[in-house]
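# Close look at the chain arrangement
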Amino acid sequence: MKIVLLGPPGAGKGTLAKIVKDQLKVPHISTGDILREEIARQSGLGLKVKSYMDKGELVPDDLVIALIEKKLSDPAIKSKGYMLDGFPRNTHQAQTLGKILENIGQPLDFALYMTASLAVILRRLSGRRVCKQCGTVYHLTNRPAKQEGVCDLCGAVLYQRADDNEETIRKRMDVYWESTRPMLDYYQTQDKLRTFDGDLETEEVFEILLKMLHEDTKVDHH
Ligand code: AMP
């Protein structure tokens, strides 16, 4: 499976990608997760990107493109494919990704666009809690951990992302509409865009995705 996940913050991209990774063993590459790890490690890259991320702005293209290029050179990508989450974020990144994928001979199957209503986005992001260790996503009311503040799966501490506050969420939505949303045209013209209702529960979205992939394979075989 070779797909990119598109959609506003809070559409459920990361949660879907984690289900797909667990069930189908497809590598999940999230630029946001990688950058947050770099910040936690206080690496050179982490120090460079922190202020952009804290403000809800996009980090410079050359930094994320270099990251993605490195991740996509992993041999596992050749056998298992990839699920990109949070990249690309603008038309330039989408075009560059197209060239990288062409060079490594792993062209995209689909761009999955997860829509979501603003009310759902705000509710999801403001109550979101993430495991510090394994990245599992919880929600204070929609998907609470069995023991408050502790990951069900690995027992590590849950935290609230620094950019999941009202002011930064608003900025991230502005950036989405300004830079990311127009990029959908790039995939539309290539007939790769498939739209999903991100207001649904992630398990339902996963079922729809499986059906779509099944239909696609049937088409391929006939
Ligand atoms: P996410 O975890 O996908 O919500 O990303 C969190 C933050 O990381 C974003 O608000 C950006 O500051 C940064 N980021 C993640 N992916 C990208 C990207 N492809 N291009 C630029 N900035 C990114």
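Residues numbered from 1 in each chain as written. Predicted model: local features only at pLDDT ≥ 70, side-chain atom pairs only at ≥ 80, totals over all residues. Heavy atoms only, no water.

### Some words on the overall build of the protein chain
Applicable threshold: Going along the chain from the N terminus, every DSSP run of H or I of four or more residues is numbered as a helix, and every run of E of two or more is numbered as a strand. Each radius of gyration is computed over the set of C-alpha atoms, and the globule rule expresses the reference value as 2.2 Å times the number of residues to the power 0.38. With a 1.4 Å probe rolled over the protein chains alone, any residue whose accessible area is under 20% of its type maximum counts as buried; one over 50% counts as exposed, and the rest are partly exposed. Residue contacts follow a heavy-atom distance rule, with two residues in contact if any of their heavy atoms lie within 4.5 Å. Where accessible areas are quoted, they stem from the Shrake-Rupley method and a 1.4 Å probe; at the residue level, only the protein chains shown are allowed to cover. His is not counted here, nor are the chain ends, while Lys and Arg score as positive and Asp and Glu score as negative. By convention, charge coordinates are those of NZ in Lys, CZ in Arg, CG in Asp, or CD in Glu.
For the protein chain, the helix and strand inventory stands at 10 helices and 8 strands. Expected size for 222 residues packed as a compact globule is a radius of gyration near 17 Å; at 17 Å, the protein chain falls within 12% of this value. On the principal axes, the C-alpha backbone points of the protein chain span a range of 50 × 35 × 35 Å. When each of the 222 residues of the protein chain is scored for burial, the buried share is 49%. Counting contacts in the protein chain only where the partners sit at least 6 residues apart, residues at least 24 apart contribute 71% of the total. Put simply, the protein chain shows about 12000 Å² of open surface, and 51% of that area lies on carbon and sulfur atoms. Of the side-chain charges in the protein chain, 32 are positive and 32 negative, and the distance between the mean point of each set is 3 Å.

### Notes on the site of the ligand
For clarity, the threshold we go by: Nearness is defined per residue: one heavy atom within 4 Å of the molecule or strand is enough. Ten residue types, Ala, Val, Leu, Ile, Met, Phe, Trp, Tyr, Cys and Pro, are classed as nonpolar, four, Asp, Glu, Lys and Arg, as charged, and the remainder, Gly among them, as polar.
The immediate surroundings of the ligand are formed by 16 residues, with Thr31, Arg36, Glu57, Gly86 and Gln93 found nearest. The protein chains hide 96% of the 480 Å² of surface that the ligand would expose on its own. With 4 residues, the single largest contributor to the shell around the ligand is helix H2 (residues 31-41). Looking at side-chain class alone, the shell around the ligand contains 6 nonpolar, 4 polar and 6 charged residues.

### Things to note about the nonpolar core
Put simply, the rule is: Throughout this description, the term nonpolar core refers to a set of buried Ala, Val, Leu, Ile, Met, Phe, Trp, Tyr and Cys residues connected via side-chain atoms within 4.5 Å.
In terms of nonpolar packing, the biggest core is built from 32 residues, with Leu6, Leu72, Leu84, Leu97 and Tyr187 touching the most fellow members. Among the elements of the structure, strand S1 (2-6), H2, helix H3 (44-55), helix H4 (61-72), strand S3 (82-85), helix H6 (91-103), strand S4 (110-115) and helix H9 (184-189) are those that each provide at least two residues to this core. For this core, the element with the most residues is H4, which contributes 6 residues. Beyond its immediate sequence surroundings of up to four residues, Leu97 is in contact with Val4, Ile68, Leu72, Leu84, Phe87, Pro88 and Tyr187.

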